[in-house]
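# Fold and contact review
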Amino acid sequence: MVLHGDMCLQYKHICELLFSVQIVLALETVRLLNPPKEPVLDYTLEVLYSCDVPAIIELDCTVTFDIGDSSMFLLKRWHCIPEKPRKKILKLSFPDWLVYRPDGIVSESRWVLICILRASLRNQKVDSGRLLLAKQHVATLQPRSIYSRPVKQHRLCFAWSARMLSFVRNLPRKQCPVEQETVPLLSSIFASTGENFGIIKNLEPYNSDVLEYLRGRSLTFPWSTFSVWILVTRHCRESLCGVFHHIDSQNNFATPVLLLTQSGQLHVQLHGEPGESTAFLVQHEVPLEEWCRITIMLQGREVTITTVCFGKEGRTVKSTEKRLSHDIRLNDTDGYFVIGGGRYMKGVEGYFGPSLYYRNRVLPQSPSEVCLPAVIRKLDLTGWMDTCRELSLHVSQSIRFYSLLAKQNKDSANSLDEFDIVKRKDKMKKCELWEGAVPRYVTKIAKHLTFKRGGGSVSPQAVGRTLYHLSLHKLRGGSEMLVLGQILPMLLKAGCLGNTAALHISSVLYSIGQGVEKDHSKAWLLALLAAQKDHRLALLQLGHLHLQGLHGVFPDEDVAYAYYANIAKQTTLDRHKPSSHQVYVENIYLHDDEILELQTNEHHHIFQWLEHQAHQGVPDAEESLARMLFWGQQGVSPNIEAAMRHYERGAVNLQNPASMYDFAIVLLQGHGVEKDIPKGVKFLQKAMDKGFVPALSAMAWYYERFEQDYKKAVVLWEQADVLGNADAALNLGVVYLLGLYPGRDPDLYMAFQYFLKAAKQGHIRGAVEVAGIWSTGLSGRVSRSPSDAVLWAKWAAEQNGYLGRLLRQALDAFLKRDLFSSLFYYMMAAELGVAVAQFNVAYLCDQNKGNFLEPSFALNCKRRYYNLTVHNQKPDSYAMLRMGDMWYGGLVDGHKRLASAAEMYKRAALRNDPQGWYNLGLLVEEGYRLQMPLLIELGLAQFYSEHDFELQTALYKRCRDSENLDSYLPCSLALVKVYLQVYQKEYSATIKYVTTIVAAAPVVLLVLGLIARRALTQS
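Quantities reported herein were computed from a predicted structural model and do not represent experimental measurements. (Residues numbered from 1 in each chain as written. Predicted model: local features only at pLDDT ≥ 70, side-chain atom pairs only at ≥ 80, totals over all residues. Heavy atoms only, no water.)

## Re the overall build of the protein chain
For the protein chain, the helix and strand inventory stands at 37 helices and 20 strands. Looking at the protein chain residue by residue over its 1019 residues, the buried ones come to 48%. (Helix = DSSP H or I, 4+ residues; strand = E, 2+ residues; numbered from the N terminus. Buried < 20%, exposed > 50% of the residue type's maximum accessible area, 1.4 Å probe, protein only.)

So, in structure tokens, the structure goes:
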């Protein structure tokens, strides 16, 4: 440090020597020796100057503001006379508005970009008297941002008015706005199925005018970085698949586009002005089943692609640089970015990890400093894959071993032990349930399947399916929670061998923590593995986790939408492929006895009565039977062949227009029968002639699909739309979207309006389409709304037939009084975020019939799931009442919370549940004072300052006057009780007097009667 100071001093002396030489040579000069780095107050500045004729030295400052204009102000001025070089030391003071934060006394300034301090030497021209610039020296000062400057400590006494003004201005304390300069595009891990479903993100302009101005200036000279973590499980099935791409507001690809080829190479596209674009391949391949960080660094016309991969051999770094012949245009607020698959491209098969976008800087880390993000290390996907690879190898070897024995007709009793001696290795470390030595039962199953097929081909996946079915069989035979922990190892082995259903059930077990220690990280890992293989219920589970931000998963509506959109799309396709694995989704609440009584099956008296009615020629019975059998409704197992017989009888024999329509649709689409288009059209025409509105839309669909007659199709669709048909609204939306409306250009906004109309009428595909538009927006017409997109996609996803089958399994078990199995199936659906399942789990735990659950588990169960239920979009009022009762009884957190109980009862009352009004009345009767905001919501604010009995009267009247007839008597009795209490309180003296008279009246009458009798006797 001392040496450095000496060097600076020597340098200073050298400078002075050079200036002396200049003077000797009669050179004029001026120089700032120690200019400040930023504007400060009372800075000691040294200026070295000399002149050969009398001159003026001026020290001024020029500031440039955010919009490009500038202002100059003079700081100092002095005379220079010809002599040896001189050094002037002066105190430099900048204006307060440039040094301090505004506080009411210090005025507020605009945003200053730069400040230039200038020293000028000016000679006076003899003939004109003007000052001419001879020499100057400038220094650039970088001022602080307004809100990072110090606050001035004022030492003067201000006038009262100025002091009050400073107080007023300080009330809204200003803070520097938070700007998204580093944008987290993805903060967790996303399972990509390789389809058109990815994470959509858009960016807003900066709030700061300065940053936004600079961003606009750099549109064709970007200085930014995109960073994406990815694990590829399979290279592209098609020529290209999406890793990361940008779509502009005109639905064109924009900078940057990063794709993967079939060989694993990266394909990069960068775009400039219209007509200018560059695409090139990065030579190094992206390895399979390794986490890699891919970065695209843009520096003007230069682009650098770097991949850092972490494999078994450690870190691998590869980089490619390229300079373009044209400018690169990057407008990050135009359109949206997509991670994975999107509307125009399928995504990579694998997983995406944390992804960042540095908007105005290059990546600060060097590749050698890169390490795996914490969330990737925590889940350890590659560890699971390595273990499963070993298990699959073991099973494959055992299959080959037993296949050889089977072909030799040799079934030695010791063959299993012989194989185990060769393959089994003791592992002393503590293993996870899916790790460690392969259990003997896995090898036994492989042996059994191999010998059963006579040495024929048996795959590890077949062993996994067998393990899965064995675990379900054991589950159905169990009656306690302990069985869940017993089947978990089998499920994990089955999942390791490729059974996605086993992975999903294992995830649920770790999530609910029954029979096994709760572990949300393992639950998330197993759900990701199942979802990546396109398991519908796992997709639904992950959508729910990211929507609500549960179990440590980062809440992100865009990630939730990507999962929900996937299963929602599958739902629209599944409905065209009916099977025994799908059941119509019915939201049946277990406390609704009327609905439960309607549940039936092929052997139930209701079903048999409908069959009898159908044979008697009742059209409605025939139609109901057909739909129950086709869709698997009300507990009836799907049976398409039987449904077809009922459809045909209703259409042909009974001439029922609804049956004609259903029968025609089945014939036109070939569901369960061979297609017969002429016959289908015939029955559609008959249904139309009878005025059946859906037949209009179906006939329009026939004209569009089979005859390509869009004029007739549009006319019929518009007629059906006016009559409220959802199919017609959807198809009109498709016509506008694709530009098929005769004589009109494509109109995306009209398509959006029709899709929204169809969705509001309950059309699943309409909800899918409108959610897709909400997710990206329409430039200039519809703003992007991730919250609307995810809610519509969630609703459509929850109509999936595979979810319906799970709910039906739970309901059937309940109707058969198998409460344990019913609870487990409902728990599986509850973890997917299905409201009816969450309610039913809470109800089963609340009722706990036969004490099939431990009291502590039952309490925690109903507390958790009732709480989840009341936070749904449209919760059942019964759940609000029970949650209120638990707050009232201190069962939530051990304390009696009357305010929370009143809030729950209020929500139930606003749903017109009489019990809510009744319970609020009881709270008032106990002396609890309802708060004004609650009374305002109930429309009872006028009773806030009245007597309690008036508020009780109003509450019990609303209870009595509700539409529920069962509540009339108890609410009326409560009202009479209030009246009697009021009467007793206000007329207690009168009541005592009347009571005395009433009690004395019989005595008086008796005495009078005796006197009269004596008088009669005497006479």
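## Focus: helix α19 (residues 657-669)
With 13 residues, α19 extends 18 Å between its outermost C-alpha atoms, agreeing within 8% with the 18 Å of an ideal straight helix rising 1.5 Å per residue. Counting buried positions along α19 yields ten of 13 residues, so the element is predominantly enclosed. Listing the buried residues of α19 in full gives Ala658, Ser659, Met660, Tyr661, Asp662, Phe663, Ala664, Val666, Leu667 and Leu668. Remark: Gly670 follows α19 within two positions and exhibits a positive phi of approximately 70 degrees. (Expected span 1.5 Å × (residues − 1).)

## With respect to the state of the cysteines
Per the counting criterion, the structure on display carries six disulfides. Note that Cys236 is cross-linked by a disulfide to Cys241, the S-S spacing being 1.7 Å. Between Cys236 and Cys241, the disulfide has an S-S torsion of -55 degrees and is therefore left-handed. Exposure class is identical for Cys236 and Cys241. Each is buried. The disulfide partner of Cys388 is Cys496, and the S-S distance across this bridge is 1.9 Å. (Disulfide = S-S within 2.5 Å.)

## Focus: the sheet that holds strand β12 (residues 240-247)
Paired through their backbone hydrogen bonds, the strands of a sheet run either parallel or antiparallel. Sheet architecture is open: six strands sit in the order β10-β19-β12-β13-β14-β15, paired in antiparallel fashion. Bordering the open sheet on either side are β10 (198-201) and β15 (277-285), each of which pairs with just one other strand. This sheet shows a mean twist of 15 degrees between the axes of neighbouring strands, independent of strand direction. In this structure, β12 lies alongside strand β13 (residues 253-261), joined through seven bridges in antiparallel fashion. Within β13, the residue paired with His245 across the bridge is Val257. (Pairing = 2+ DSSP bridges. Axes fitted to C-alpha atoms, helices over the stretch in contact; angles between N-to-C directions.)

## What to know about a nonpolar patch on the surface
A cluster of nonpolar residues, Leu737, Leu738 and Leu748, forms a patch on the protein surface that exposes about 240 Å² of accessible area. Position of Leu738 among the secondary structure elements: in helix α23 (residues 726-738). (Patch = residues over 30% accessible without salt bridge, like charges linked within 9 Å, V, L, I, M, F, W, Y side chains within 5 Å. Areas by Shrake-Rupley, 256 points an atom, 1.4 Å probe, with all protein chains shown as cover. Salt bridge = Lys/Arg side-chain N within 4 Å of Asp/Glu carboxyl O.)

## As for the layout of surface pockets
Where empty space is left can be seen by rolling a probe of water-molecule size over the atoms. Of the volumes computed, that of the largest pocket is approximately 1,700 Å³. If you go around the largest pocket, you meet 45 residues; those closest to its centre are Arg575, His576, Tyr661, Asp727 and His763. By residue class, the composition of the lining of the largest pocket is 24 nonpolar, twelve polar and nine charged. In this structure, the second largest pocket encloses a volume near 760 Å³. As for the second largest pocket, its lining consists of 26 residues, and the residues nearest its centre are Lys794, Trp795, Glu798, Gln873 and Lys874. Of the residues forming the lining of the second largest pocket, the biggest block, five residues, is contributed by helix α26 (residues 786-797). (1 Å grid on protein atoms, 1.4 Å probe; cavity = no way out; pocket = protein on both sides within 12 Å on 5 of 7 lines; lining within 4 Å. Points joined across faces, edges and corners; volume = space filled by probe spheres on them. Nonpolar A, V, L, I, M, F, W, Y, C, P; charged D, E, K, R; others polar.)

## So, the pattern of salt bridges
Taken as a whole and judged by the stated rule, the model has 36 salt bridges. Between Arg359 and Asp332 there is a salt bridge, with its nearest N and O atoms 3.1 Å apart. With Arg359 in the loop between β20 (349-358) and α5 (374-379) and Asp332 in the loop between β18 (314-323) and β19 (336-340), this pair connects stretches of sequence that are 27 residues apart. Comparing Arg359 with Asp332 shows no difference in burial state: the two are buried.

## A look at the sheet that holds strand β4 (residues 70-80)
The sheet built from four strands is open, its strands ordered β4-β3-β6-β7 with antiparallel pairing. On the outer flanks of this sheet lie β4 and β7 (131-141), each paired with one strand and no other. Neighbour-to-neighbour, the strand axes of this sheet turn through a mean angle of 20 degrees, independent of strand direction. One ladder, built from ten bridges, connects strand β3 (residues 55-65) with β4; its direction is antiparallel. Counterpart to Ala55 in the pairing with β4 is Cys80.

## A closer look at the side chain of His235
Mapped onto the elements, His235 comes out in the loop between β11 (223-234) and β12. Here the side chain of His235 touches Val286 through a polar contact of 3.2 Å, landing on its backbone oxygen. (Polar contact = N/O pair within 3.5 Å; in protein donor to acceptor, adjacent residues only side chain to side chain.)

## Observations concerning the nonpolar core
If you look at the biggest cluster of nonpolar residues, it comprises 239 residues, and the most contacted ones within it are Ile189, Tyr351, Val463 and Leu930. By residue number, the principal contributor to this core is helix α28 (residues 819-830), which donates ten residues. Apart from residues no more than four positions distant in its own chain, Ile189 is found in contact with Trp291, Tyr351, Phe352, Val375, Ile376, Leu379, Leu381, Trp524, Leu528, His546 and Tyr563. (Core = buried A, V, L, I, M, F, W, Y, C linked by side-chain atoms within 4.5 Å. Contact = heavy atoms within 4.5 Å.)

## Some points on the side chain of Gln952
Tracing the chain through its elements places Gln952 in helix α35 (residues 948-960). The exposure class of Gln952 is buried, given its relative accessible area of 6%. Apart from the residues within four sequence positions on either side, Gln952 is in contact with Gly921, Val924, Glu925 and Val978.

## Some thoughts on the environment of Lys318
Its location among the elements puts Lys318 in strand β18. For the pair Lys318 and Ile294, spaced 24 residues apart in the sequence, the C-alpha separation amounts to 9.8 Å. The contact partners of Lys318, leaving out residues within four places of it in the chain, are His284, Ile305, Thr306 and Thr307.

## A closer look at the packing of aromatic side chains
Applying the stated criterion across every chain yields a total of 29 aromatic pairs. Pairing Phe337 with Tyr357 gives two aromatic rings, centres 5.9 Å apart and planes at 50 degrees, and the pair type is tilted. Note that Phe337 is positioned in strand β19 and Tyr357 in strand β20, a separation of 20 residues in sequence. Across the pair, exposure class does not vary: Phe337 and Tyr357 are buried alike. Feature note: the residues Tyr589, Phe839, Tyr843, Tyr866 and Tyr878 constitute an aromatic cluster, connected by ring pairs. (Phe/Tyr/Trp six-rings, centres within 6.5 Å; stacked < 30°, edge-to-face > 60°.)

## Here's the deal with the packing of helix α14 (residues 557-574) against α26
In the contact formed by α14 and α26, the axes pass within 8 Å of each other and the chain directions differ by 35 degrees. Crossing of α14 over α26 shows left-handed handedness. Contact with α14, carried on its side by Glu557, Asp558, Ala560, Tyr561, Tyr564, Ala565, Ile567, Ala568 and Thr571, involves Pro786, Ser787, Ala789, Val790, Ala793, Lys794, Ala796 and Ala797 of α26 and no other residues of that element. Here the residues of the contact of α14 with α26 are counted per class, giving twelve nonpolar, two polar and three charged. (Left-handed = near helix turned anticlockwise from the far one by under 90°.)

## Some remarks on the confidence of the model for the protein chain
Looking at the protein chain as a whole, the pLDDT averages 84, with 85% of positions reaching at least 70. pLDDT under 50 marks residues 17-26. Its contacts with residues more than four places away, or in other chains, come to 13 contacts. Ignoring residues within four places in sequence, the model shows residues 1003-1019, a span with pLDDT below 50, making zero contacts including any to other chains. (pLDDT = per-residue confidence, 0-100.)

## Regarding the packing of helix α18 (residues 640-653) against α19
Interhelical geometry of α18 versus α19 gives an angle of 130 degrees and a closest axis separation of 8 Å. Considered as vectors, α18 and α19 are oriented oblique to each other. Crossing geometry of α18 relative to α19 is assigned as left-handed. Judged by residue contacts, Met644, Tyr647, Glu648, Gly650 and Ala651 of α18 engage Ser659, Met660, Asp662, Phe663 and Val666 from α19. Residues belonging to the contact of α18 with α19 are distributed by class as follows: six nonpolar, two polar and two charged. (Parallel < 35°, antiparallel > 145°, perpendicular 65-115°, else oblique.)

## Some details on a negative patch on the surface
On the surface, a cluster of negative charge is contributed by Asp593, Glu594, Glu597 and Asp966. Structurally, the position occupied by Asp593 is in helix α15 (residues 593-597). (Lys, Arg positive; Asp, Glu negative; His and termini not counted. Charge placed at Lys NZ, Arg CZ, Asp CG, Glu CD.)

## Description of the pairing of strand β14 (residues 265-271)
A large share of β14 lies buried, amounting to seven of its seven residues. Covered by surrounding structure in β14 are Gln265, His267, Gln269 and His271 together with Leu266, Val268 and Leu270, the residues of both alternating faces. Of the pairings in the sheet, the one linking β13 to β14 comprises four bridges and is antiparallel in character. When the sheet's bridge partners are listed, Val257 is paired in β14 with Gln269. Between β14 and β15, which pair antiparallel and follow one another directly, the connecting turn spans five residues, one of which, Gly275, has a positive phi of 90 degrees.

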